[in-house]
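A structural walkthrough
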Amino acid sequence: MMMGKTCSKTTSNLLVKRGERQKARNTPAGKETNAPLGVFVLEYDASNEDIEKTRNWKPIIKIAVSGAAGMISNHLLFKIASGEVFGPDQPVALRLLGSERSQVALEGVAMELEDCLFPLLREVDLGIDAKKVFEDADWALLIGAKPRGPGMERGDLLEMNGGLFAEQGKALNEVAKKTCKVMVVGNPCNTNALICMANAPNLDRRNFHALTRLDENRAKCQLALKAGVFYESVSNVTIWGNHSTTQVPDFVNAKIGGERCTDVIDDQTWLENDFTPAIQTRGGLLIKKWGRSSAASTAVSIADAMKALVTPTKEGDWFSSAVITDGNPYGIEEGLVFSMPCRSKGDGSYEIVEGLKINDWLRERIKKSEEELSNERSCVSHLMGVEGASCVILEDTLLPGEM
Ligand code: LMR
């Protein structure tokens, strides 16, 4: 049946256990049928359909989100539910993964989603079991991760979050659609994506991304400000490598108003010594000022990264995403999740853009990020089903948010 209105007055606050869905109108508002464990469903009454309005809607897609009660999700979910990411004819089901600690907050998130009256939002499922929440997912946005605690080495951080992403990879492997696109945001996101991928062999390795669009957006902003132009004039910006302080924001191949960035900003010293470290460490500066990690801008960049995959890339341009290096044209070690220039036809897939100029300055820095990711992979190889690799991290490199 086609669906029209998002929220009928009979459905407010209704939480119904999966498999025991009841007609919304039969259950009093706010009355939960079970303790909130497992997957719950906020289901909209479809009895008063506006057939005309929904006639051309596409089949519903399911978007699973981990860390769903966190700050990033608190911005992102509303963008997705509003139609901003997938368009005005794409109804969505949100499947929100929380933890025992956050499950009540998650109900609050669902209430707010309901109160927004988004016509395209057809269903909200809440749960703390990845194997239920990821069922039939078309997209999995893996946002939840723990920050490094006091005295923890990078290896400890990798281990702690790696375990979580191995579990989530297994769950995706078992229950998500085989075509599911996975966007890893929880840090250290490149290596978490690699672990997740290794534990989900049923999914195509090319469907995994780690988010570096935030770094690309940061770079575009700083270049535009320096050049005194609108942000849209800045194009062809690549972030190479890891979402860490070794990332390489590429001003060599970037363009401003269609011209080479280095011709428009004729200040190599600024580009190398100010712009580059500013992008690498911007997350940390923000934490210093805000007292917490970036949330709104991260959410915007996740939406941008998703849109980049479902919209054809402008002729001649590209976007950054950390993807599997298998068969890459830049000689980067295979089997890493590494940020590179990508293009999409808009069908959810991508290709790596070939032929960017890699000068000595870029080569040296790209190599450093590659080594960092290679070391990270050795440290978590046991989570990827490979025994015997040694974990050697020579330099305790940082996430953008760590200082
Ligand atoms: C960012 O780049 O803002 C985040 O990745 C920072 C962090 O470490 O949480």
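Everything numeric here is computed off the predicted structure, so don't read it as measured data.

Another aspect to go through is helix 9 (residues 268–280). Residue pairs three or four apart in sequence face the same way in an α-helix, which turns once every 3.6 residues. For helix 9, built from 13 residues, the straight-helix expectation of 18 Å at 1.5 Å per residue is met to within 8% by its first-to-last C-alpha distance of 17 Å. Its maximal kink placed at Asp274, helix 9 deviates by approximately 25 degrees, while the proline Pro277 follows within four residues. All of the buried residues along helix 9 are Trp270, Leu271, Phe275, Thr276, Ile279 and Gln280. Here the buried face of helix 9 lies against helix 7 (213–227), strand 11 (248–250), helix 8 (261–264), helix 10 (282–290) and helix 12 (360–380).

For the rest of this paragraph, the subject is the confidence of the model for the protein. Put simply, the protein has an average pLDDT of 87, and 84% of its residues get 70 or more. Predicted confidence for residues 1–40 stays below pLDDT 50, and this span has 108 contacts to residues more than four positions away or in other chains.

Turning our attention to the nonpolar core. Leu96 and Leu223 are the most contacted members of the largest nonpolar core, which totals 101 residues. In contact with Leu96, not counting residues within four places along its chain, are Val65, Ala68, Leu77, Leu106, Val109, Leu113, Val124, Asp125, Leu126, Gly127 and Val133. Ala166, Ile195, Cys379 and Leu383 belong to the second largest nonpolar core, which has six residues in total.

With that settled, consider the sheet that holds strand 12 (residues 255–256). Pairing is antiparallel in the open sheet, where three strands are placed in the order 9-12-13. Unpaired on one side and paired on the other, strand 9 (234–235) and strand 13 (259–260) mark the two borders of the sheet. Bridging between strand 9 and strand 12 involves two bridges; their strand directions are antiparallel. By the bridge assignment, Ser235 is partnered in strand 12 with Lys255.

With the rule as written, the count across this model stands at 18 salt bridges. Salt-bridge contacts for Lys220 lead to Glu216; the nearest nitrogen and oxygen are separated by 2.7 Å. In this pair, Lys220 and Glu216 both sit in helix 7, four residues apart, roughly one turn of the helix. According to the relative accessible area criterion, Lys220 is buried, its value standing at 15%. The structure contains a network of salt bridges with shared partners spanning Lys79, Glu84, Asp304 and Lys307.

Attention now goes to the environment of Glu159. Looking at where Glu159 falls in the secondary structure, it is placed in helix 5 (residues 154–175). For Glu159, a relative accessible area of 37% corresponds to the partly exposed category. Spatially, the C-alpha atoms of Glu159 and Glu376 are 9.9 Å apart, while their sequence positions differ by 217 residues. Apart from the residues lying within four places of it in its own chain, the contact partners of Glu159 are Cys379, His382 and Leu383.

What counts and how
- Residues numbered from 1 in each chain as written.
- Predicted model: local features only at pLDDT ≥ 70, side-chain atom pairs only at ≥ 80, totals over all residues.
- Heavy atoms only, no water.
- Helix = DSSP H or I, 4+ residues; strand = E, 2+ residues; numbered from the N terminus.
- Expected span 1.5 Å × (residues − 1).
- Bend = angle between axes of the 7 residues up to and from the residue.
- Buried < 20%, exposed > 50% of the residue type's maximum accessible area, 1.4 Å probe, protein only.
- Contact = heavy atoms within 4.5 Å.
- pLDDT = per-residue confidence, 0-100.
- Core = buried A, V, L, I, M, F, W, Y, C linked by side-chain atoms within 4.5 Å.
- Pairing = 2+ DSSP bridges.
- Salt bridge = Lys/Arg side-chain N within 4 Å of Asp/Glu carboxyl O.

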